[in-house]
Amino acid sequence: MIHDFNYLKPGSLKEALSMLSEHKDECKVICGGQSLLIVMRQGMVAPEYLLDIKHVKELNYISFDAKDGLKIGATTTHRTIEKSDVIAKNYPVLVAMENKLASIQTRNWGTIGGNLAHADPAGDPAPVLISLKASIKVGNVNGERVFPLDEFFVDYFATQKDDDELVLEVQVPVPPPKTGAAYQKFNLLDSDMGIVATAASVTLNDDGTCKEARIVLGNAGPIPLRVKRAEEMLVGKKYDEALFAEAGKIASEDCEPVADIHASEAHRRHVISVLTKRMLKKAWDQARA
Amino acid sequence: MEKRALKLKVNGQEYEVFINPKTLLVEVIRDHLGFTGTKRGCETVSCGACSVLVEDMVVKGCSILAVQVEGMNVTTVEGLEDNGKLSPIQRAFLDQGAYQCGFCTSGMLMSATAFLKENEGKSVTEHEIREGIEGNICRCTGYNSIVRAIDAVAQGKYKEA
């Protein structure tokens, strides 16, 4: 059962930040609530104040330009991202990821900012966004801060964001030429969270060798994990299936998956090696195309 | 806890309820307004039995605070018929026998309604139909007849003459 709370409904971003600054210690922020209401119903989270930013219009936008890249406001729903033509054209991996995120109902109400602030290591957007070198903007009454997204998460359900700060915006740079990106999660039902997941991006030099790669694992540790040892190993190398398998092996070693009802630790490591191999190949094939 | 007045429109009719802000949309719909066609199932955003439309978007009523739909249009399964005449998807469900126990039916109908509206005039594949009801679980596993019913409407078989 959900514990009683005082409901705060700001009419603007300014009002939201000022309410948050006043009640930060005993306040939770709700937007779509698709994750939060579950843990509130379980009694794991019982805030005295609930600050509802679902209808703060200033944070609901998608913008793109060829220089600054993509900007997505925090209260933009997953479904809006999934249906966005400009994202489909410039970041197709984001649309493919959203298409497999939970169910249509959840995507219609849940938001990108809420998903990232919740910091569930099994969340779909973070690994993909990190592979695309995204940043996240947070702010309080005094100002704003921007974190590279791969430095934002610190532990299970914990981020660098202070209690008086709101997630404001996700920023994704324009991918360099000859870049490909791919994401896949392993699960039994399409609408479930990933048992494990891998996002990969590959940028090639003119001679076809790897200029830069990112490999990010979902649900393979307390936070979305970059496999830096494999990323570095790939630089300067040529297309080679044995290379992708080697990167997969490194990924399966450099992660900290848990064992639970869905899969053992050993099975998770195995699936990570397979997904990493496949996603690297897929990203590289795209980058060559 | 201080209660709040909430105005919303359900199935075209305006209502005002006086609720604790923690009240879920499905609780307002069922317990305050008496539209019991909408079911409470898993209550963990998994099963889809509580699906309703908010401004023509399908959502799960068990996982939305009712206060968040202030001033919005909500449609439940009771709102699909028009003066006693069933909607095309309701008639197709009957013709295809797309029910076993029936508990998932109202949620399925809402997802199917949203899917058909989003894809109006387009031809859809069976795979797309199945993705359209991905958020709704039929515990009797009677999916095939449900998919056939949605397909029949998508193909224009229930168009008014």
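Residues numbered from 1 in each chain as written. Chains lettered and ligands numbered in written order. Predicted model: local features only at pLDDT ≥ 70, side-chain atom pairs only at ≥ 80, totals over all residues.

(A) The arrangement of the sheet that holds strand 1 (residues 6–8) of chain A in detail. Residue and element names in this part refer to chain A. Strand order in the open sheet formed by three strands is 1-3-2, with parallel pairing between adjacent strands. With one partner strand each, in any of the chains shown, strand 1 and strand 2 (27–30) form the two edges of the open sheet. With direction set aside, neighbouring strand axes in the sheet form an average angle of 25°. With three bridges joining them, strand 1 and strand 3 (residues 49–52) adopt parallel strand pairing. (Pairing = 2+ DSSP bridges. Helix = DSSP H or I, 4+ residues; strand = E, 2+ residues; numbered from the N terminus. Axes fitted to C-alpha atoms, helices over the stretch in contact; angles between N-to-C directions.)

(B) How the structure looks around the domain arrangement of chain A. Residues and elements named next belong to chain A. Examined at the domain level, chain A breaks down into domain 1 (6–52), domain 2 (57–172) and domain 3 (179–288). Look at where the C-alpha atoms of domain 1 and domain 2 centre, and you get two points 19 Å apart. Listed as interface residues are 15 residues of domain 1 and, on the opposing side, 18 residues of domain 2. In terms of residue count, the dominant contributor to the side of domain 1 that touches domain 2 is helix 1 (residues 13–23) (six residues). Class assignment of the residues belonging to the side of domain 1 that touches domain 2 gives a composition of seven nonpolar, six polar and two charged. (Domains from an automatic or database assignment. Contact = placed C-beta atoms within 7 Å. Nonpolar A, V, L, I, M, F, W, Y, C, P; charged D, E, K, R; others polar.)

(C) Examining the sheet that holds strand 2 (residues 13–19) of chain B more closely. Residue and element names in this part refer to chain B. Strand order in the open sheet formed by five strands is 2-1-5-3-4, and the pairing between neighbours is mixed. What marks the edges here is a single partner per strand, and that holds for strand 2 and strand 4 (57–60). Going across the sheet, the axis of each strand differs from the next one's by a mean of 40°, ignoring polarity. Where strand 3 (residues 51–54) meets strand 5 (residues 73–75), two bridges bridge the pair, whose relative direction is antiparallel. When the sheet's bridge partners are listed, V54 is paired in strand 5 with V74. On the sheet, helix 3 (residues 105–118) packs against strand 3 and strand 4 and is oriented at approximately 35° with respect to strand 3.

(D) Spatial organisation of the domain arrangement of chain B. Residues and elements named next belong to chain B. Per the domain assignment, the segments of chain B are domain 1 (4–77) and domain 2 (88–154). Each of domain 1 and domain 2 was reduced to a C-alpha centroid, and the two centroids are 21 Å apart. In this assembly, 15 residues from domain 1 lie in contact with 13 residues from domain 2. Sorting the residues of the side of domain 1 that touches domain 2 by element identifies strand 3 and strand 4 as the ones contributing at least two each. A breakdown of the residues in the side of domain 1 that touches domain 2 according to their chemical character gives eight nonpolar, five polar and two charged.

(E) A look at the interface of chain A and chain B. With 19 residues of chain A at the interface, the matching set in chain B holds 22 residues. Those elements that place two or more of their residues in the side of chain A that touches chain B are helix 2 (36–41) and helix 6 (104–109) of chain A. A total of five residues in the side of chain A that touches chain B trace back to one element, the largest contributor, which is helix 6 of chain A.

(F) Structural view of the pairing of strand 5 (residues 69–73) of chain A. All names here are of chain A. Both strand 4 (residues 62–65) and strand 5 contribute to a ladder of four bridges, which runs antiparallel. By the bridge assignment for strand 5, F64 is matched with L70. In textbook terms, the turn of a hairpin is the stretch between consecutive antiparallel strands, and for strand 4 and strand 5 this stretch comprises three residues. Looking at chain direction, strand 5 and strand 10 (residues 166–172) are connected through four bridges and run antiparallel. Bridge pairing in strand 10 links G73 to E169.

(G) Examining the packing of helix 2 (residues 88–96) of chain B against helix 5 (residues 143–154) of chain B more closely. Residue and element names in this part refer to chain B. Contact pair helix 2 / helix 5: the axes reach a minimum separation of 8 Å and the direction vectors enclose 135°. In this view, helix 2 runs oblique relative to helix 5, as classed from their interaxial angle. Note on packing geometry: the crossing formed by helix 2 with helix 5 is right-handed. Side by side, helix 2 and helix 5 meet where P88, I89, A92, F93 and Q96 of the first sit next to S145, R148, A149, I150, A152 and V153 of the second. The residue makeup of the contact of helix 2 with helix 5, split by class, is eight nonpolar, two polar and one charged. (Parallel < 35°, antiparallel > 145°, perpendicular 65-115°, else oblique. Left-handed = near helix turned anticlockwise from the far one by under 90°.)

(H) Geometry of the packing of helix 10 (residues 241–253) of chain A against helix 11 (residues 265–288) of chain A. Residues and elements named next belong to chain A. Helix 11 packs onto helix 10 with a crossing angle of 140° between their chain directions and a minimal axis gap of 7 Å. Both helix 10 and helix 11 take part in a crossing whose hand is right-handed. Between helix 10 and helix 11, the contacting residues are E241, F244, A245, A247, G248, K249, A251 and S252 on the first element and R269, H270, I272, S273, V274, T276, K277, L280 and K281 on the second. Taken together, the residues of the contact of helix 10 with helix 11 break down into seven nonpolar, five polar and five charged.

(I) Broad picture of helix 2 of chain B. For helix 2 of chain B, the set of buried residues is B:P88, B:I89, B:Q90, B:A92 and B:F93. Buried positions along helix 2 of chain B lie against helix 3 and helix 5 of chain B. (Buried ≥ 20, exposed ≤ 12 C-beta atoms within 10 Å, placed from the backbone.)

(J) Region of the structure containing the nonpolar core. Within the largest apolar cluster, 85 residues are counted, with the highest numbers of intra-cluster contacts made by A:L51, A:A200 and A:L217. In terms of residue count, the dominant contributor to this core is helix 11 of chain A (eight residues). Contacts of A:A200, omitting those with residues within four sequence positions, involve A:S131, A:A181, A:A182, A:A213, A:R214, A:I215, A:T276, A:M279, A:L280 and A:A283. Formed by 49 residues, the second largest nonpolar core is a distinct cluster that contains B:L6, B:A92, B:L109 and B:A114. (Core = buried A, V, L, I, M, F, W, Y, C linked by C-beta atoms within 7 Å.)

(K) Quick peek at unusual backbone geometry. Even without glycine at this site, A:F157 takes up a positive phi of about 55°. With respect to the secondary-structure elements, A:F157 resides in the loop between strand 8 (153–155) and strand 9 (158–159). The class for A:F157 is partly exposed, based on 17 C-beta atoms found within 10 Å. Positive phi outside glycine occurs at B:E43, with the angle close to 60°. Following the sequence through the fold, B:E43 ends up in the loop between helix 1 (25–32) and strand 3.

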